[in-house]
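An overview of the molecular structure
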Amino acid sequence: ARWKDDVTENEKQRRLQMLLNLQNEINSKQSRSELGKTVEVLLERKNQKDKGYLKGRTRSWKKVIFPGSEDLIGTLQNIKITSFANQTLVGKIV
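Predicted, not measured: the structure shown is a model, and the values here were computed from it.

Brief notes about the nonpolar core
With nine residues, the main nonpolar core is built from Val-39, Val-41, Leu-43, Leu-54, Val-64, Phe-66, Ile-79, Ile-81 and Leu-89. Among the secondary structure elements, those contributing two or more residues to this core are β1 (38-46), β3 (63-67) and β4 (76-85). Among the elements that make up this core, the one with the highest residue count is β1 (three residues).

Below, the structure is given as structure tokens:
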């Protein structure tokens, strides 16, 4: 037995937007709390969007991008978080 879908499309969109806004606030708060911290990052590959940047992940699986050379791929590096964009942390090797 399925529930009758009696919610209007406009209401569905409004509710979805509320949830997305809340999630964005939570993500921003979490990312702001990382600013200034130094975290260990496994360097995975070149960042496709920003030339000269590498992409990696922290032990808690957060994405981090930072300037660096390709010979560092596959290594663990300490990265100081300096900013963020959406759900990606931005930093520099220390």
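Things to note about the sheet that holds strand β2 (residues 53-58)
With respect to topology, five strands assemble into a closed barrel ordered β1-β2-β3-β5-β4, the strand pairing being mixed. For this sheet, the mean inter-axis angle between neighbouring strands, taken without regard to orientation, is 50 degrees. Where β1 meets β2, five bridges bridge the pair, whose relative direction is antiparallel. Among the inter-strand pairings, Leu-43 is bridged to a residue of β2, identified as Gly-56.

Criteria and cut-off values
- Residues numbered from 1 in each chain as written.
- Predicted model: local features only at pLDDT ≥ 70, side-chain atom pairs only at ≥ 80, totals over all residues.
- Heavy atoms only, no water.
- Core = buried A, V, L, I, M, F, W, Y, C linked by side-chain atoms within 4.5 Å.
- Buried < 20%, exposed > 50% of the residue type's maximum accessible area, 1.4 Å probe, protein only.
- Helix = DSSP H or I, 4+ residues; strand = E, 2+ residues; numbered from the N terminus.
- Pairing = 2+ DSSP bridges.
- Axes fitted to C-alpha atoms, helices over the stretch in contact; angles between N-to-C directions.

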